[in-house]
Amino acid sequence: MRTKWIYIIVALLIAGITVVLYFSLKNDDVLIRKDFKRNLFSSSDFNASLNCYKDLIGLSTDGAFFDFYQYEIDGLQESSLKGNFPKFENVFESNNLTNTKLSYWKQTPIPKEKGLYHFDIAYSSNLSKSDCPREFQRKDPLSQAGNYYSYISAYPIGVCLLIYCPSEKALYIISKK
């Protein structure tokens, strides 16, 4: 009888932990977790609200991830994209990174050079499996003039691509490791 109660308690504990992990992963906010907000633009005087988050891999034991974020940005002036921003060195421990390639905010459309891996993630078929990433791909903001992009590609963090669309007041962040 006593072992039966132990099994029930363990099962309830595992179920509870699973529910907590599920909801904490579903409500991930990279702007807060990575402290991106104050390092994205020359001004941090803007509001950002997470409209969509998709984990495109799910729980993995090897630390792999492929995430899509869509934020609504309010109160940001385009002049805040000038200078050497985002400050990736404040977000990632730059002394632990190797093979680093990065770009501060630049205007779209993206260059049509071959071998630019950091843009490939925006066209990945994984994005077409969910509504808001599929809509992002349909709009293709990287090929339209008037938007901005930035990226960092390095080992061990992988690739992080940021796209800001002033006309939509939208910020997209796609990261893959």
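We now turn to the structure provided with this report. (Residues numbered from 1 in each chain as written. Predicted model: local features only at pLDDT ≥ 70, side-chain atom pairs only at ≥ 80, totals over all residues. Heavy atoms only, no water.)

## So, the packing of aromatic side chains
The description of an aromatic ring pair uses the distance of the two centres, along with the angle that the planes make with each other. The line we're drawing: Centres within 6.5 Å are what make two rings of Phe, Tyr or Trp a pair, Trp counting through its six-membered ring; a difference in plane orientation under 30 degrees is then read as stacked, over 60 as edge-to-face, and the rest as tilted. Buried means the residue's accessible area, taken with a 1.4 Å probe over protein chains only, is under 20% of the maximum for its type, while exposed means over 50%, and partly exposed covers the values in between. Put simply, DSSP H or I for four residues or longer makes a helix, DSSP E for two residues or longer makes a strand, and each gets a number counted from the N terminus. Geometrically, a lysine NZ or arginine CZ counts as sitting over a ring once it is within 6 Å of the ring centre and also within 35 degrees of the ring normal.
Inspection of every chain in the model, using the stated rule, returns 12 aromatic pairs. Ring plane angle 80 degrees and centroid distance 5.3 Å describe the contact between F41 and F46, whose orientation is recorded as edge-to-face. Judged by relative accessible area, F41 falls into the buried class, the value being 1%. When the ring of F119 is compared with that of Y149, the centres are 5.2 Å apart and the planes differ by 75 degrees; the resulting orientation is edge-to-face. You can see F119 sitting in helix α5 (residues 117-120) and its partner Y149 sitting in strand β4 (residues 148-155), a full 30 residues away along the chain. Exposure class is identical for F119 and Y149. Each is buried. In this structure an aromatic cluster arises from ring pairing among F41, F46, W105 and Y164. The positively charged end of K87 is found above the aromatic ring belonging to F85, 5.0 Å away from the centroid. Above the face of the F66 ring, K176 is positioned so that its terminal group lies 5.1 Å from the ring centre.

## A closer look at unusual backbone geometry
With an omega of 0 degrees, the peptide bond between F85 and P86 qualifies as cis. Structurally, P86 can be placed in the loop between β2 (66-74) and α4 (88-91). The amide bond that connects Y155 to the next residue, P156, takes the cis arrangement and shows omega of 10 degrees. Inspection of the secondary structure assignment puts P156 in the loop between β4 and β5 (158-165). Phi at N99 is positive, roughly 55 degrees, even though this residue is not glycine.

## Describing the state of the cysteines
Short version of the rule: Our working definition of a disulfide is a cysteine sulfur pair at a distance within 2.5 Å.
Under the counting rule described, the total for this entry stands at 1 disulfide. Paired through a disulfide, C52 and C132 show a sulfur-sulfur distance of 1.6 Å. Residue C52 is found in strand β1 (residues 47-55), and its partner C132 is found in helix α6 (residues 131-139); the two are separated by 80 residues along the sequence. For C52, a relative accessible area of 9% corresponds to the buried category.

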